[in-house]
Amino acid sequence: MKLINNKRYTVLVVLGLVNIMIGLAEMLKIIPYSGTATPGVSMMGAGIIILIIGLYLSRTPESESMPDERTMKRDMKVQSSTFGIILAYVTLLLLMDVSWSSNSINMGDFFLIFSRPEDMSVLFSRYMSIIFVAIISIVALTFYYNKKGDMK
Amino acid sequence: MKFRTDKYILIPMSMAIGMLITGILLSYFMPSLFFARILIIVGTMLSVTGVYVATKPIEYFMPDERTNKNTDKAGYHAFWIMVNVVIILNLIDMFTSVSIEYKYAGLLIFIIGIFSLYTLRWYYNKKGGL
């Protein structure tokens, strides 16, 4: 069996290796940083995940890894719907931020994540919550449109 | 000029006028004018849009297959542009000494999203041959 059957995805393998190397360099303090969180561990984690995905995809034959027309149409519909969801979510967060800073409403501790982000560390920052919403919407909508069928 | 009076016009129009009236009432009763102003602006915009839509026949707004495809393709690319902007802002916020407040960045993300959607839709419309 050939090690690499699909050259399209070797870029993922290279990207994973580069990520792991940058993460290692940061952890060994070769690259300095000035932020509050440590990027080294997360970069290495992301690098390992990308490397595994890249190795898996580059070993599958090119004819199998190419998406068919239905999958492409479904993905396009899913991601354009997710765009709308994200846009609404960004607007909602923005309105919440503006209204809280102007003290026009006070929700107390009900929405702890949004009212006091410093308590929830970096994991639940507003930017991360947008990415979480995007990932969940993509998974849910892909499942829904796959079930529904009849893509128009 | 003939106005349509079906449920697709009457329900949104009544909601818009309701928002307008609620906004005006809130401006008298609430100390902060923030929500009252938003309700008045949105209510006015929806009423004007409703009057415009009521003058056109319903077939005028039915998108054909090409427009649907264009919108899907533009939305797909706009989504990735917006996600990339969010990821870059998140990385800057997390790993550098620069702290970006969401209050200002949120507006940037919103404008970039809307702008890329309309630009890409215009581009795919011009380009054709999807």
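Predicted, not measured: the structure shown is a model, and the values here were computed from it.

*Asks:* With reference to specific residues and values, describe the overall build of chain B.
*Replies:* A tally of regular secondary structure across chain B gives four helices and zero strands. Start at the N end of chain B and walk to the C end: the helices and strands fall as α-α-α-α. When each of the 130 residues of chain B is scored for burial, the buried share is 26%. The long-range fraction of contacts in chain B, counting pairs at least 24 apart against all pairs at least 6 apart in sequence, stands at 67%.

*Asks:* Requested: an account of empty space enclosed by the protein, with residues and values cited.
*Replies:* Enumeration over the complete set of coordinates arrives at one cavity of 30 Å³ or more. Every element with two or more residues in the lining of the largest cavity is listed here: α6 (126-148) of chain A together with α3 (65-95) of chain B. Residue classes in the lining of the largest cavity are distributed as seven nonpolar, no polar and no charged.

*Asks:* Account for the layout of surface pockets, naming residues and giving values.
*Replies:* Remark: the empty space left among the atoms is shown by a probe the size of a water molecule rolled over them. Volume-wise, the largest pocket comes out at about 1,300 Å³. Lining the largest pocket we find 34 residues, and of these A:Ile131, A:Ile135, B:Trp80, B:Val83 and B:Ile87 sit closest to its centre. The set of elements that each furnish at least two residues to the lining of the largest pocket consists of α1 (10-27), α2 (39-59), α4 (69-101) and α6 of chain A together with α3 of chain B. Ranked by residues supplied to the lining of the largest pocket, first place goes to α3(B) with 10 residues. Class assignment of the residues belonging to the lining of the largest pocket gives a composition of 27 nonpolar, six polar and one charged.

*Asks:* An account of the environment of A:Gly149 is requested, with residue identities and associated values reported.
*Replies:* Counting through the fold element by element, A:Gly149 comes out in the segment after α6. Each C-alpha atom of the pair A:Gly149 and A:Arg70 lies 9.1 Å from the other, and the pair is 79 residues apart in sequence.

*Asks:* Describe the confidence of the model for chain A, naming the residues involved and giving the relevant values.
*Replies:* For chain A, the average pLDDT comes to 77, and 74% of its residues sit at 70 or higher. Throughout residues 103-110 of chain A the model reports pLDDT below 50, and contacts reaching past four residues in sequence, or to other chains, amount to 11 contacts.

*Asks:* Which residues make up a nonpolar patch on the surface, and what values do they have?
*Replies:* Residue and element names in this part refer to chain A. Judged by side-chain polarity, Val14, Val18, Ile22, Leu24, Leu28, Ile30 and Ile31 come together as a nonpolar surface patch covering roughly 620 Å² of accessible area. As for its position among the elements, leucine 28 is in the loop between α1 and α2. For leucine 28, a relative accessible area of 61% puts it in the exposed group.

*Asks:* Give a description of the nonpolar core that names residues and reports values.
*Replies:* Ranked by internal contacts, the top residues of the largest apolar core, which has 26 residues, are A:Phe83, A:Ile86, A:Tyr127, A:Ile130, B:Tyr102 and B:Ile109. Residue assignment for this core shows that the elements contributing at least two residues are α4 and α6 of chain A together with α3 and α4 (102-127) of chain B. In contact with A:Tyr127, other than residues within four places in its own chain, are B:Val86, B:Leu89, B:Asn90, B:Asp93, B:Ile100, B:Glu101, B:Tyr102, B:Ala105 and B:Ile109.

*Asks:* Quick one: what's the story with the packing of helix α1 (residues 7-29) of chain B against helix α2 (residues 34-54) of chain B, residue by residue and with numbers?
*Replies:* Packed helix pairs are specified by the crossing angle of their axes together with the interaxial distance, meaning the distance between the axes. Residue and element names in this part refer to chain B. Relative orientation of the contacting elements α1 and α2 amounts to 155 degrees, with a least axis distance of 8 Å. One way to sum up the angle between α1 and α2 is to call them roughly antiparallel. For the element pair α1 and α2, the recorded crossing hand is left-handed. Counted together, Ile9, Met13, Ala16, Ile17, Met19, Leu20, Thr22, Gly23, Ile24, Leu26 and Ser27 of α1 and Ala36, Leu39, Ile40, Val42, Gly43, Thr44, Leu46, Ser47, Gly50, Val51, Val53 and Ala54 of α2 form the full contact between these two elements. Here the contact of α1 with α2 is composed, by residue class, of 16 nonpolar, seven polar and no charged.

*Asks:* Describe the packing of aromatic side chains, and please don't skip the residues or the numbers.
*Replies:* All names here are of chain B. Counted under the stated rule, the structure contains five aromatic pairs over all chains. Judged by centre distance (5.2 Å) and plane angle (70 degrees), the ring pair of phenylalanine 79 and tryptophan 80 falls under edge-to-face. According to the relative accessible area criterion, phenylalanine 79 is buried, its value standing at 1%. Here the guanidinium or amino end of lysine 56 rests over the ring plane of tyrosine 60, the centre of that ring lying 5.2 Å away.

*Asks:* Could you give me a rundown of the interface of chain B and chain A, with the residues and numbers involved?
*Replies:* Contact residues are listed per partner, giving 35 residues for chain B and 37 residues for chain A. For the chain B and chain A pair, buried surface summed over both sides reaches about 3,100 Å², with 76% attributable to carbon and sulfur atoms. A per-residue breakdown of the area chain B buries against chain A is headed by B:Phe79, B:Phe95 and B:Tyr102, which together make up 25% of the total. Our count for the contact surface shared by chain B and chain A stands at zero salt bridges. Summed over the shared surface of chain B and chain A, the result is four residue pairs in polar contact (both at pLDDT 80 or more). Of all the elements in the fold, those that place two or more residues in the side of chain B that touches chain A are α2, α3 and α4 of chain B. Sorting elements by how many residues they give to the side of chain B that touches chain A places α3(B) first, with 17 residues.

Cut-offs and rules
- Residues numbered from 1 in each chain as written.
- Chains lettered and ligands numbered in written order.
- Predicted model: local features only at pLDDT ≥ 70, side-chain atom pairs only at ≥ 80, totals over all residues.
- Heavy atoms only, no water.
- Helix = DSSP H or I, 4+ residues; strand = E, 2+ residues; numbered from the N terminus.
- Buried < 20%, exposed > 50% of the residue type's maximum accessible area, 1.4 Å probe, protein only.
- Contact = heavy atoms within 4.5 Å.
- 1 Å grid on protein atoms, 1.4 Å probe; cavity = no way out; pocket = protein on both sides within 12 Å on 5 of 7 lines; lining within 4 Å.
- Points joined across faces, edges and corners; volume = space filled by probe spheres on them.
- Nonpolar A, V, L, I, M, F, W, Y, C, P; charged D, E, K, R; others polar.
- pLDDT = per-residue confidence, 0-100.
- Patch = residues over 30% accessible without salt bridge, like charges linked within 9 Å, V, L, I, M, F, W, Y side chains within 5 Å.
- Areas by Shrake-Rupley, 256 points an atom, 1.4 Å probe, with all protein chains shown as cover.
- Salt bridge = Lys/Arg side-chain N within 4 Å of Asp/Glu carboxyl O.
- Core = buried A, V, L, I, M, F, W, Y, C linked by side-chain atoms within 4.5 Å.
- Axes fitted to C-alpha atoms, helices over the stretch in contact; angles between N-to-C directions.
- Parallel < 35°, antiparallel > 145°, perpendicular 65-115°, else oblique.
- Left-handed = near helix turned anticlockwise from the far one by under 90°.
- Phe/Tyr/Trp six-rings, centres within 6.5 Å; stacked < 30°, edge-to-face > 60°.
- Lys NZ or Arg CZ within 6 Å of the ring centre and 35° of its normal.
- Buried area = accessible area lost by both parts, 1.4 Å probe.
- Polar contact = N/O pair within 3.5 Å; in protein donor to acceptor, adjacent residues only side chain to side chain.

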